[in-house]
Amino acid sequence: MESQSLDTVSTAQGQKSELSLGLEAAQHYLSKSVRSSTKQQYDRVYGIWRDFCCRNQVPEFGVGHEHLAACLSLVMMREQSYSKVVMLSAAIANEHRIRMLPSPTTHETISTLFRGFRNEHPQTRAAKLPITEEILDKMYAHLYQTQHGRDGLRASVVLWRTVWRISMEYHTLGRFSDIVKLCRKDVNYVTDPSPHLRILFKGGKNDQYTEGGERVVASNPDVKRCPVQLTLNYFRFLGLSYDGYLVPLCTAKNSPNPAKSVPYSGALTDLKKLMNLLGYDEKLYGEHSGKRGGATTAAAHGATDKQLKRLGGWRSDAMPAKYVDLSIPSRLSMSELLQKKV
């Protein structure tokens, strides 16, 4: 009888241990349910909620929607940033999701609150301008100037990673998060049937097809801004043995760090500095400018919405049109392209 009782206790302990292990594993996998770049954004704003709970002596988890509504409203009132309260709400929902707890963000009051935010503080956010062929020409010319040596091999890591990244975003319609994750082994030069690059995007947001996120970039030896030749020169700059990230951080000795890629904030700063150096208003350009420029140029040369959707990997039929710039200067440029003699 006593032996049976001990067996029951042992079994119960084993089951509890297995359950605890399973829950820990579930939390681990749930924490991986969002991309690392998204998690970094969540981490930047989540402290607002934690500090609010601490100051008001309410638990971080398990509170009602009223506390969340109060916190979000204070943030909106003080900063008048709709994107920030959206990000904060998403961060709170994610932390509850990881712990498998019901989130106050799902309450109807919160969705109604956001409607009030939009009505009271309408967003007048202007789209950033696209990178144009003219801007790409200037970027390449700056990289290949005499002081940087033949093929730019004496230029800085920052200049190389910036020009190459923008060129790849332009020619592949890849997102910043797609390009920044590329390593040397993901970009291959192929000569058959004609010279081109084969680029494999790994787990990107826009990898919606069964091709594994592969993009192809054709060589164009007739222009100085050939993206394939730029890439081959970049490989020479990095060195034959280099096998790390292609948009790397810099070491203290100003050499590429193969183990780490540049963060979003650093890449954006690099772009703005380069745009300013080339004589453009840095405030008018952002990290979607490269992709926006590629889509706009492709549309100007006759690419259909279906082709743009395929190239950019968009889910929605409406998304390609959002990336094609339709400002007056852009439409004039498109009209001039249509009038060029073959």
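Residues numbered from 1 in each chain as written. Predicted model: local features only at pLDDT ≥ 70, side-chain atom pairs only at ≥ 80, totals over all residues. Heavy atoms only, no water.

In the nomenclature of an unreviewed UniProt entry, the protein is known as Tyr recombinase domain-containing protein of Daphnia galeata.

The helix and strand inventory of the protein stands at 14 helices and five strands. Excluding contacts between residues fewer than 6 apart, the proportion of contacts in the protein whose partners are at least 24 apart in sequence is 61%. Roughly 20100 Å² of accessible area belongs to the protein as shown, and the carbon and sulfur atoms make up 53% of that amount. (Helix = DSSP H or I, 4+ residues; strand = E, 2+ residues; numbered from the N terminus. Contact = heavy atoms within 4.5 Å. Areas by Shrake-Rupley, 256 points an atom, 1.4 Å probe, with all protein chains shown as cover.)

Strand order in the open sheet made by the three strands is 1-2-3, with antiparallel pairing throughout. Looking at which strands have only one partner, the edges of the open sheet turn out to be strand 1 (187–190) and strand 3 (214–218). Each strand axis lies, on average, 25° off the axis of its neighbour in the sheet, ignoring direction. Looking at chain direction, strand 1 and strand 2 (residues 196–200) are connected through four bridges and run antiparallel. (Pairing = 2+ DSSP bridges. Axes fitted to C-alpha atoms, helices over the stretch in contact; angles between N-to-C directions.)

Next up on the list: the packing of helix 3 (residues 65–79) against helix 4 (residues 82–98). At a closest axis distance of 9 Å, the pairing of helix 3 and helix 4 adopts a crossing angle of 155°. One element, helix 3, and the other, helix 4, form an angle in the roughly antiparallel class. For the crossing formed where helix 3 meets helix 4, the hand is right-handed. The residues of helix 4 that touch helix 3, namely those facing Leu 68, Cys 71, Leu 72, Val 75, Met 76 and Glu 79, are Tyr 82, Lys 84, Val 85, Leu 88, Ser 89 and Ile 92. (Parallel < 35°, antiparallel > 145°, perpendicular 65-115°, else oblique. Left-handed = near helix turned anticlockwise from the far one by under 90°.)

Another aspect to go through is the packing of aromatic side chains. In total, this model carries ten aromatic pairs according to the counting rule given. Consider the rings of Tyr 280 and Tyr 285, whose centres lie 6.1 Å apart with planes at 75°: the pair is edge-to-face. Its relative accessible area of 14% is what places Tyr 280 among the buried residues. Of the aromatic side chains, those joined through ring pairs into one cluster are Trp 160, Trp 164, Tyr 234 and Phe 237. In this structure, Arg 184 packs its charged tip against the face of Phe 235, placed 3.6 Å from the ring centre. (Phe/Tyr/Trp six-rings, centres within 6.5 Å; stacked < 30°, edge-to-face > 60°. Buried < 20%, exposed > 50% of the residue type's maximum accessible area, 1.4 Å probe, protein only. Lys NZ or Arg CZ within 6 Å of the ring centre and 35° of its normal.)

Quick look at the environment of His 148 now. Looking at where His 148 falls in the secondary structure, it is placed in the loop between helix 6 (133–143) and helix 7 (157–172). Once you skip the residues sitting within four places of it in the chain, His 148 turns out to touch His 142, Leu 143, Leu 153, Arg 154, Ala 155 and Leu 159.

As a further point, take the side chain of Arg 215. Tracing the chain through its elements places Arg 215 in strand 3. Lacking a salt bridge, the buried Arg 215 has Asp 178 as its closest oppositely charged neighbour, with an N-O distance of 4.9 Å. Within the structure, the side chain of Arg 215 is placed 2.5 Å from the backbone oxygen of Thr 172, a separation counted as a polar contact. (Lys, Arg positive; Asp, Glu negative; His and termini not counted. Salt bridge = Lys/Arg side-chain N within 4 Å of Asp/Glu carboxyl O. Polar contact = N/O pair within 3.5 Å; in protein donor to acceptor, adjacent residues only side chain to side chain.)

This part is about the nonpolar core. Formed by 42 residues in total, the largest nonpolar core has its most connected members in Ile 131, Met 139 and Trp 164. Secondary-structure elements contributing two or more residues to this core are helix 6, helix 7, helix 8 (176–179), strand 2, helix 9 (227–238) and helix 10 (264–277). Leaving out residues up to four positions away in the same chain, Met 139 has contacts with Ile 131, Val 163, Ile 166, Leu 271, Leu 274, Met 275 and Leu 278. Listed in part, the 24 residues of the second largest apolar core include Leu 68, Leu 88, Leu 113 and Phe 117. (Core = buried A, V, L, I, M, F, W, Y, C linked by side-chain atoms within 4.5 Å.)

What follows concerns the environment of Gly 293. Turning to its location among the elements, Gly 293 is positioned in helix 11 (residues 289–300). Distance in space between the C-alpha atoms of Gly 293 and Glu 169 is 8.7 Å, their sequence separation being 124 residues. Excluding its chain neighbours within four sequence positions, the residues that come into contact with Gly 293 are Pro 130, Ile 131 and Tyr 170.

Connecting strand 1 to the antiparallel partner strand 2 that follows it, the hairpin turn spans five residues. Summarising the sheet, strand 2 and strand 3 pair through five bridges and their orientation is antiparallel. Pairing of Leu 197 across the sheet is with Val 217, part of strand 3.

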